[in-house]
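Residue-level listing of the chains:
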Amino acid sequence: MTTNVTPGVLPVDDARYGKSVTRLSWGAIFAGVVLAIAVQLVLGILGTGIGLTMVDPVEGTTPGAAGFGIGAGIYWLITTVIALGAGGYAAARVAGVHDRFDGLVHGLVVWGVTLILTMYLLTSAVGGIIGGAFRTVGSVASAAGTGIGAAAPKVADVAGVDTGDVREEAAAYLSDAPSDPARMTPEQAQKEIAKELPALARGGQDGVQAERRIVDIVAAQRQISRPEAQAQVTRAKAQFVKTKNETIDTAKSATDTAAGAAAGTSFMIVIALLVGAAAAGFGATTATRRRRV
């Protein structure tokens, strides 16, 4: 295995003597990744300090959330370009590549490894939080699956409440109100109306019967005629339907807005990642050494 060396000229690998050329240097790529992450962290900390200096709650000059968010996004994009450009340049320079395509590959690999490492760190932290949350939910569901009859005494023991008192109190809550609305107390009337509301909301034959029952209770409790009670129940029902529809419309609007914002954010992130890849590739090709012959 022989290498031709000419005074004043870089060593040239000659395939005729059996030596293969190494086109990708992982050591150089690792160095570029470390440099890119370090630069990104330093610039990120610097940006945080700059942002905090803009907050002045005493004078009331704190920037708005929208403007602050846009400024932070632009700063993050600029720091990403600088960091990946420096990492790509360092990788290509350390590897000593002579071909622009080889330099471009080194820069893109630095970008890819940096991206994968960053995503791994983020998903690992978030995954730990989500995993803990799901484990908590699973424990609650498992406890619920053992049955209310078995869980109630345990809860009562923890709270220091006698289970006999709990059963008596539950029996009082579940006791049927008098069938005659005129004999009901105001509390019993309210509970009876609340019990009929789900059927009223479902509609159909059950809804008709529930509405009649509510009208009877209102007429007896307020000592008014049944037509007057029917009018009051009808108005209340219409108001309930209106409020429910407005709530549904508001929820749909908020969902659409959130989905649009998420889509816009996704596109911006993709653009930022592509810009970072371009920066890493540009930095690496800039560092390509020309082979002297």
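See the structure printed just above.
Everything numeric here is computed off the predicted structure, so don't read it as measured data.

Procedures and definitions
- Residues numbered from 1 in each chain as written.
- Predicted model: local features only at pLDDT ≥ 70, side-chain atom pairs only at ≥ 80, totals over all residues.
- Heavy atoms only, no water.
- Helix = DSSP H or I, 4+ residues; strand = E, 2+ residues; numbered from the N terminus.
- Buried < 20%, exposed > 50% of the residue type's maximum accessible area, 1.4 Å probe, protein only.
- Contact = heavy atoms within 4.5 Å.
- Areas by Shrake-Rupley, 256 points an atom, 1.4 Å probe, with all protein chains shown as cover.
- Patch = residues over 30% accessible without salt bridge, like charges linked within 9 Å, V, L, I, M, F, W, Y side chains within 5 Å.
- Salt bridge = Lys/Arg side-chain N within 4 Å of Asp/Glu carboxyl O.
- Axes fitted to C-alpha atoms, helices over the stretch in contact; angles between N-to-C directions.
- Parallel < 35°, antiparallel > 145°, perpendicular 65-115°, else oblique.
- Left-handed = near helix turned anticlockwise from the far one by under 90°.
- Nonpolar A, V, L, I, M, F, W, Y, C, P; charged D, E, K, R; others polar.
- Core = buried A, V, L, I, M, F, W, Y, C linked by side-chain atoms within 4.5 Å.
- Expected span 1.5 Å × (residues − 1).
- Bend = angle between axes of the 7 residues up to and from the residue.

A.B. asks: Please explain the overall build of the protein as it appears in this structure.
C.D. replies: Scanning the protein for helices and strands turns up 8 helices and 0 strands. Secondary structure elements of the protein, listed N to C terminal, follow the sequence α-α-α-α-α-α-α-α. Put simply, the protein has 293 residues, and 21% of those count as buried. Sequence-distant contacts, at least 24 apart, represent 63% of the contacts inside the protein between residues at least 6 apart. Here the protein displays about 19900 Å² of accessible surface, and carbon together with sulfur accounts for 67% of that area.

A.B. asks: Help me understand a nonpolar patch on the surface in this model?
C.D. replies: Taken together, the side chains of Trp-76, Leu-77, Met-268, Ile-271 and Val-275 present a nonpolar region at the surface, about 450 Å² in accessible area. Mapped onto the nonpolar patch, the elements with two or more residues apiece are helix H2 (65-95) and helix H8 (226-286). For the nonpolar patch, the element with the most residues is H8, which contributes 3 residues. As for its placement among the helices and strands, Val-275 is situated in helix H8.

A.B. asks: Got a minute to help me understand the packing of helix H7 (residues 204-222) against H8 in this structure?
C.D. replies: Geometrically, a packed helix pair is captured by the angle between its two axes and the distance between the axes. Where H7 contacts H8, the two axes come as close as 8 Å, and the packing angle between them is 120°. Relative to H8, H7 is oriented oblique. When the axes of H7 and H8 are compared, the crossing they make is right-handed. Residues Glu-211, Arg-212, Ile-214, Val-215, Asp-216, Val-218, Ala-219 and Arg-222 of H7 touch H8, and the partners they reach there are Arg-226, Ala-229, Gln-230, Gln-232, Val-233, Thr-234 and Lys-237. Its residues assigned to classes, the contact of H7 with H8 shows 6 nonpolar, 3 polar and 6 charged.

A.B. asks: Looking at this model, I keep getting lost on the environment of Pro-186. Mind explaining?
C.D. replies: Note on placement: Pro-186 falls in helix H6 (residues 186-202). Distance from Pro-186 to Gln-221, taken between C-alpha atoms, is 7.3 Å for residues 35 residues apart in sequence.

A.B. asks: Just checking my understanding: could you explain the side chain of Thr-80 for this structure?
C.D. replies: Tracing the backbone shows Thr-80 in helix H2. Beyond its immediate sequence surroundings of up to four residues, Thr-80 is in contact with Gln-40 and Gly-276.

A.B. asks: Mind showing me how you'd approach the packing of H6 against H7 here?
C.D. replies: In contact at an axis separation of 7 Å, H6 and H7 are set at 155° when each is read in the N-to-C sense. Classified by the angle their axes make, H6 and H7 are roughly antiparallel. For the crossing formed where H6 meets H7, the hand is left-handed. Between H6 and H7, the residues in contact are Pro-186, Ala-189, Glu-192, Ile-193, Glu-196, Leu-197, Ala-199, Leu-200 and Arg-202 and Gly-204, Asp-206, Gly-207, Ala-210, Glu-211, Arg-213, Ile-214, Ile-217, Val-218 and Gln-221, respectively.

A.B. asks: Sorry if this is basic, but what is going on with unusual backbone geometry here?
C.D. replies: Glycine aside, a negative phi is what most residues show, and trans is what most peptide bonds show. Positive phi, close to 55°, is recorded for Gln-223, a residue that is not glycine. By the secondary structure assignment, Gln-223 is in the loop between H7 and H8.

A.B. asks: How should I be thinking about the pattern of salt bridges in this particular structure?
C.D. replies: Pairs can form between side chains of opposite charge whenever their charged atoms are close. This structure, assessed with the given rule, holds 4 salt bridges. Between Lys-237 and Glu-211 there is a salt bridge; the shortest N-O distance is 3.5 Å. Separated by 26 residues along the polypeptide, Lys-237 in helix H8 and Glu-211 in helix H7 bring together distant segments of the chain. In this structure Glu-211 comes out as buried when scored by relative accessible area, which is 16%. Among the ionic pairs, Arg-226 bridges to Asp-216, the shortest N-O distance being 2.9 Å. Of this pair, Arg-226 sits in helix H8 while Asp-216 sits in helix H7, placing them 10 residues apart in sequence. Look at Arg-226 and you get partly exposed, because its relative accessible area is 37%. Exposure remark for Asp-216: the relative accessible area of 32% places this residue in the partly exposed category.

A.B. asks: What am I meant to see in the nonpolar core here?
C.D. replies: Looking at soluble globular proteins, one finds that nonpolar side chains tend to be buried together. One finds Ala-199, Leu-200, Ala-210, Ile-214, Val-215, Val-218, Ala-219, Ala-229 and Val-233 forming the largest nonpolar core, which totals 9 residues. For this core, the elements supplying multiple residues, two or more each, are H6, H7 and H8.

A.B. asks: Any chance you could explain H6 here in plain terms?
C.D. replies: Every α-helix carries 3.6 residues per turn, so stepping three or four residues along brings you back to the same face. With 17 residues, H6 extends 25 Å between its outermost C-alpha atoms, agreeing within 8% with the 24 Å of an ideal straight helix rising 1.5 Å per residue. The axis of H6 is deflected most strongly, by about 30°, at Glu-196, and proline Pro-198 appears within four residues downstream. What H6 keeps buried is the set Ala-189, Glu-192, Glu-196, Ala-199 and Leu-200. Each element contacted by the buried residues of H6 is listed here: H7 and H8. Positive phi shows up at Gly-203, right after H6, with a value of about 80°.

The values are spatial; any link to function lies outside them.
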